[in-house]
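If you want the building blocks of each chain, they are given just below.
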Amino acid sequence: MTTVYIEDIAKHTGEPVRLRGWLHNRRSSGKIHFLTLRDGSGFIQCVMSKQAVGDAMFETADHLAQESAIIVTGTARADARAPGGFEVDVASLEVVSEAKDYPITPKEHGVDYLMDRRHLWIRSQRQQAVLRIRHEVINAVRDFFNGKGFILADTPIFTPAACEGTTTLFPVQYFEDTTAYLTQSGQLYNEANAMALGRVYAFGPTFRAEKSKTRRHLTEFWMVEPEMAYATLDDVITLSEELVAYVVGRVLEKRKPELKVLERDTAKLEKVKAPFPRISYDEAVAILHQKGIAFEWGGDFGAPDETALSEEFDRPVCVHRYPSKVKAFYMKPDPDRPEVALGVDVLAPEGYGEIIGGGERISDFDLLVARIKEHGLPQEAFEWYLDLRRFGTVPHGGFGMGIERVVSWICGLEHLRVCPAGWARDHGRRAGRRRHRREHLRLHRQREAGVDRRHPRNGAAQARRQAPDRDRLPGRALP
């Protein structure tokens, strides 16, 4: 008997197979059980008839709870009516372990309830679809840069100073008498890598100590950061356009089933082709004014402003030359207009906001020293960074792209928090975890007392057991 994964079932049509996984859903019709099995690679319907397996095994399946671990043997066959196009006619069933009182029941749940149980929520079909798309995005990013001759050069997680501003640093005690910080970005180190290797990229976790609960912020996220020697702002913008278009195209090519599970409008993604529209910060402000939005020149765009701008375009838009005062200390001023910086933000359409930020770096030693002082940063912590300007400085630039934001946009997610890779990376989840522990203890005590919490066998309960999306929220679908 061949043990196979569900994703490979098409290769074994007409053959006896063995599937190992978990019971995702069960419904019955007379003397037939329809068991939806998941094994991490996919979902498949297994059809069990009482005549084929006998009364005892049929009765065992009749009482199996959601998420029980099972092994199914049977014959694979094609069926156009079945989800995924294939089914398994069950010959035998082995129960590895039976689950009880699975907390994510077929009823609707609020997002906080699901977030507190994310370790179980990721078993749902929609959450798995997001994880698979995230996997594809990461592979596409690596393939893109590797194919262009960039060298992966990872950077430290512990850093001695700020990169994006001191107000969002996570301090960490570094041995007895030293404070280090969780990295906000690998960019400064990556500039050193670029002076050695020419074209590099870093890929890893970054941290921002922001007590924000907006749909666009996490305290921990993954970011890819390319850096190029002998590069101008135009080079940075072109590379960012090519990367985004490549990643979206890759997902459309490889992950259509997952996009279908998420009910994503792929027609909007198909419009993501390079080059993207490019507008200056001045032009962006003018657009906001034309739309009746009160915005003062010199400020940074908030989420409503970015949404209003992105509504004007059917693909990402590149906004360049922001005021220098709202950009990081290392951003090069425009020689023709020093009050603006040679930076760019790429705004995703459909209101998803900034997915890329970058630009050309300051290569002049004296100007960089002045900017470090203006931002109130300790120069001694940046002496190594200043060495890059002392010894062979050249024009250079790069950007950072947040993976979770890109995944949320491509998947059409309502909030970054529901991206499964986020886990508890948003502010304020500790109280929710305490509630979860109290609920778990309460259920344990009920079981010890012999309280049966299974649904009564009535029509309403049967309908809930048959509901295909047991992780949907009231009023709208979330992954």
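Since the model is a prediction, treat every value here as computed from it, not as a measurement. (Residues numbered from 1 in each chain as written. Predicted model: local features only at pLDDT ≥ 70, side-chain atom pairs only at ≥ 80, totals over all residues. Heavy atoms only, no water.)

A. Quick look at the overall build of the protein. Along the backbone of the protein there are 16 helices and 19 strands. Counting every position in the protein, which comprises 479 residues, the buried fraction comes to 50%. In the protein, the proportion of contacts linking residues at least 24 apart, taken out of those at least 6 apart, comes to 68%. (Helix = DSSP H or I, 4+ residues; strand = E, 2+ residues; numbered from the N terminus. Buried < 20%, exposed > 50% of the residue type's maximum accessible area, 1.4 Å probe, protein only. Contact = heavy atoms within 4.5 Å.)

B. Here's a closer look at the packing of helix α5 (residues 125-147) against helix α7 (residues 233-254). Closest axis-to-axis distance for the α5/α7 pair is 9 Å, and the angle between their directions is 135°. Classified by the angle between their axes, α5 and α7 sit oblique to one another. As for how α5 packs across α7, the hand of that crossing is right-handed. On the side of α5, the interface is formed by I133, E136, V137, N139, A140, V141, D143, F144 and F145, while α7 contributes L239, E242, L243, Y246, V247, R250, V251 and K254. (Axes fitted to C-alpha atoms, helices over the stretch in contact; angles between N-to-C directions. Parallel < 35°, antiparallel > 145°, perpendicular 65-115°, else oblique. Left-handed = near helix turned anticlockwise from the far one by under 90°.)

C. Examining the sheet that holds strand β7 (residues 151-152) more closely. Read from one edge of the open sheet, eight strands run β7-β11-β12-β19-β18-β17-β14-β13, paired in mixed fashion. Each end of this open sheet is capped by a strand with a single partner; those strands are β7 and β13 (278-280). Sheet contacts for α7: β12 (220-229), β13, β14 (317-320), β17 (343-348), β18 (353-360) and β19 (396-402); angle to β19, the most-contacted strand, approximately 30°. (Pairing = 2+ DSSP bridges.)

D. Local environment of the packing of aromatic side chains. Across all of its chains, the model carries 18 aromatic pairs by this definition. Ring geometry for F158 against Y174: centres 5.6 Å apart, planes inclined by 75°, an arrangement best described as edge-to-face. Placement of F158 in strand β8 (residues 158-159) and of Y174 in strand β9 (residues 170-174) is noted, with a sequence separation of 16 residues between them. According to the relative accessible area criterion, F158 is partly exposed, its value standing at 42%. Looking at Y174, the relative accessible area reads 35%, which means it is partly exposed. Where Y174 meets F175, the ring centres are 5.1 Å apart and the plane angle is 70°; that geometry is what we call edge-to-face. Assessed through its relative accessible area of 61%, F175 is described here as exposed. (Phe/Tyr/Trp six-rings, centres within 6.5 Å; stacked < 30°, edge-to-face > 60°.)

E. Seen up close, helix α13 (residues 383-390). Those residues of α13 that fall on the buried side of the exposure criterion are Y385, L386, L388 and R389. End-on, the buried residues of α13 take up no more than an arc of 140°, which puts them together on one face. Residues of α13 that are buried in the fold lie against α6 (187-197), α12 (365-374) and β19. (Arc of directions from axis to C-beta.)

F. Layout of the nonpolar core. Of all hydrophobic cores here, the largest spans 55 residues; its most connected members are V137, V141, F145, M401, W409 and I410. Discounting residues that sit within four places of it in the chain, V141 has contacts with F203, V224, L243, V247, M401 and I403. Among the nonpolar cores identified, the runner-up in size contains 22 residues, and C46, F58, A61 and V90 belong to it. (Core = buried A, V, L, I, M, F, W, Y, C linked by side-chain atoms within 4.5 Å.)

G. Geometry of the side chain of R389. Following the sequence through the fold, R389 ends up in helix α13. A distance of 3.5 Å separates polar atoms of two side chains, one belonging to R389 and the other to H396. Those residues in contact with R389, other than ones at most four positions away along the chain, are E191, R361, I362, S363, D364, F365, L368 and H396. (Polar contact = N/O pair within 3.5 Å; in protein donor to acceptor, adjacent residues only side chain to side chain.)

H. View of the pattern of salt bridges. With the rule as written, the count across this model stands at 31 salt bridges. R81 serves as the salt-bridge partner of D79, at 3.1 Å between the closest nitrogen and oxygen. We classify R81 as exposed; its relative accessible area is 75%. The partner of E241 in a salt bridge is R278, with the nearest N and O atoms 3.0 Å apart. With E241 in helix α7 and R278 in strand β13, the pair connects residues that are 37 residues apart, well separated along the chain. Judged by its relative accessible area of 3%, E241 is buried. It is possible to trace a salt-bridge network through shared partners that takes in R77, D79, R81, E87 and D89. (Salt bridge = Lys/Arg side-chain N within 4 Å of Asp/Glu carboxyl O.)

I. Representation of the sheet that holds β9 within the structure. The three strands are arranged β8-β10-β9 in an open sheet whose pairing can be described as antiparallel. This sheet does not close on itself; its edge strands, each paired only once, are β8 and β9. The pairing of β9 with strand β10 (residues 178-182) spans five bridges and is classified as antiparallel. Bridged to F170 within β10 is L182.

J. Representation of unusual backbone geometry within the structure. With an omega of 0°, the peptide bond between A274 and P275 qualifies as cis. Looking at the secondary structure, you find P275 in the loop between α9 (266-269) and β13. Non-glycine residue E263 carries a positive phi angle of around 60°. Within the secondary structure layout, E263 lies in the loop between α8 (256-261) and α9. Taking relative accessible area as the criterion, E263 reaches 55% and is therefore assigned exposed. In this model, R321 sits at a positive phi of 60°, which is unusual for a non-glycine residue. Mapping R321 onto the fold places it in the loop between β14 and β15 (333-334).

K. Focus on the packing of α5 against helix α14 (residues 403-411). Where α5 meets α14, the axes come as close as 10 Å, and the angle between the chain directions of the two elements is 125°. One way to sum up the angle between α5 and α14 is to call them oblique. Note that α5 runs across α14; the crossing there is right-handed. Of the residues in α14, those in contact with V130, I133, R134, V137, I138 and V141 of α5 are I403, E404, V406, V407, I410 and C411.

L. Focus on helix α11 (residues 303-310). Of all the residues in α11, the buried ones are D305, E306, A308, L309 and S310. The elements touched by buried residues of α11 are α10 (281-290), β17 and β18.

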